[in-house]
Amino acid sequence: MSVELGRGYVSDGLVELMAREHLGRREVSPDAKLGVLLCYPTEANCSYGLQNLHYGGKLTDPANADDLPPVELYIPTESGFELVRKPQELRDAKERGLYRPAEPEDTTQGDTLEALAHDRSIIEKIKELNERPDIRSILAVVRSATGQGDAEIRRTIDPLKDVDGISPNRMISPATPESKVRLAEHILGHPISELDPSTIGIIGNGPLVGGPLVKEVLPARGVDIEKLGLAFGTRQEIEEGVPRLAEYDQLRVIFTAVPVGALLRPEHIHDNTIVIDAGYGINPENGKPCGNASPELLALSGLRGIVVTAFRGGVGPVTAAVVYDRTIPRHEDAVSERKLTGMAA
């Protein structure tokens, strides 16, 4: 089991398995590209997102782009979006003052012209990628600068190219809940459908993670969601339920994804429990970013049968691998596409 002391469970084993399977499928559609817009307010977050897109750096040296699925990755600059391929190029752009993400604005007095222009540039780039036939899929890892920017950006993505499942007219489930279940199954060593549903708990009901996990991903895998051990979705349910989490001693797997840092603590978790953490927040004790699992809970990962996924290197790299999985077609899918487009021999 890949558990790093004090960090939690890192997903490099599963990611490498997925990556090698993807590389074996490259010959089916070698020109299928993933178009990525990476636009976070900080270079550190952007670098981590880029590392995820390189399978967390676990398969090969990230500088060796030939070993990776074809990606066109763009970051915002003063003159528009600039194509980068390696973490070093991103750092260089930052050092030269070229990387120009916009911080979220205080929109109580209305959006500024700069913020509106920032979001408009993202939308125009997505429209360009929508029209390109060589871009099979689009991943918008962005943070808007205006109040309505995120929703408009998601609406702009062509649903046929939306491998992350974030557009309102999406045709597939979001990638993050899919990756959470794959990671849980990898740790368990068997399909999640083999678990008694009463041993599964869900914390969070957001539109891109918790909600689709309960309504789409788990049912598609044969889990009877009516029999889940717990499902805390509303803010009130979470605030009142998490302090009593230890009362649910039958839980075997807990999926969590809420915007609260260090929410889960050691006293909430029993031995032999798996926590799949896709949350993000600020630790109130030190002011640093963290997941829903507190540092004290992460420190228990690997002890007494407890497994807690790492804040960095846990769910994120698997989500990138799921996106690649949806970008690179399997042989039977490629044959079907050729028939539909009249390209079959």
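Here, every reference points to the structure presented above.
Q: Help me out: how do you make sense of the environment of V141 in this one?
A: Within the element layout of this structure, V141 appears in strand β6 (residues 135-142). Accessibility expressed as a relative area gives 17% for V141, which makes it buried. The spacing of V141 and D164 is 23 residues in sequence and 9.5 Å in space, taken between C-alpha atoms.

Q: Would you mind going over the nonpolar core with me for this structure?
A: One broad trend across soluble globular proteins is that nonpolar side chains are buried collectively. In this structure, F255 and I276 are the most contacted members of the largest nonpolar core, which totals 41 residues. Within the second largest apolar cluster, 19 residues are counted, among which are V275, A293, L300 and I306.

Q: Hey, could you run me through the sheet that holds strand β13 (residues 307-308) in this one?
A: To summarise the sheet geometry, strands pair through backbone hydrogen bonds and adopt either a parallel or an antiparallel arrangement. The strand order across the open sheet formed by 5 strands is β8-β7-β9-β10-β13, and the pairing between neighbours is parallel. If you trace the sheet from one side to the other, it starts and ends with β8 (230-232) and β13, each paired once.

Q: Any chance you could explain the packing of aromatic side chains here in plain terms?
A: The geometry of an aromatic ring pair is captured by the separation of the ring centres together with the interplanar angle, meaning the angle of the planes. Throughout the structure, instances matching the rule amount to 2 aromatic pairs. Considering the side-chain rings of F232 and Y248, the 6.0 Å spacing of their centres and the 80° angle between planes classify their relative orientation as edge-to-face. Of this pair, F232 sits in strand β8 while Y248 sits in the loop between α8 (235-241) and β9 (253-256), and the two are 16 residues apart along the sequence. When the ring centre of Y74 is taken as origin, the NZ or CZ atom of K125, which lies over that ring, is 4.0 Å away.

Parameters at a glance
- Residues numbered from 1 in each chain as written.
- Predicted model: local features only at pLDDT ≥ 70, side-chain atom pairs only at ≥ 80, totals over all residues.
- Heavy atoms only, no water.
- Helix = DSSP H or I, 4+ residues; strand = E, 2+ residues; numbered from the N terminus.
- Buried < 20%, exposed > 50% of the residue type's maximum accessible area, 1.4 Å probe, protein only.
- Core = buried A, V, L, I, M, F, W, Y, C linked by side-chain atoms within 4.5 Å.
- Pairing = 2+ DSSP bridges.
- Phe/Tyr/Trp six-rings, centres within 6.5 Å; stacked < 30°, edge-to-face > 60°.
- Lys NZ or Arg CZ within 6 Å of the ring centre and 35° of its normal.

Treat this as a map of the structure, not an account of what it does.
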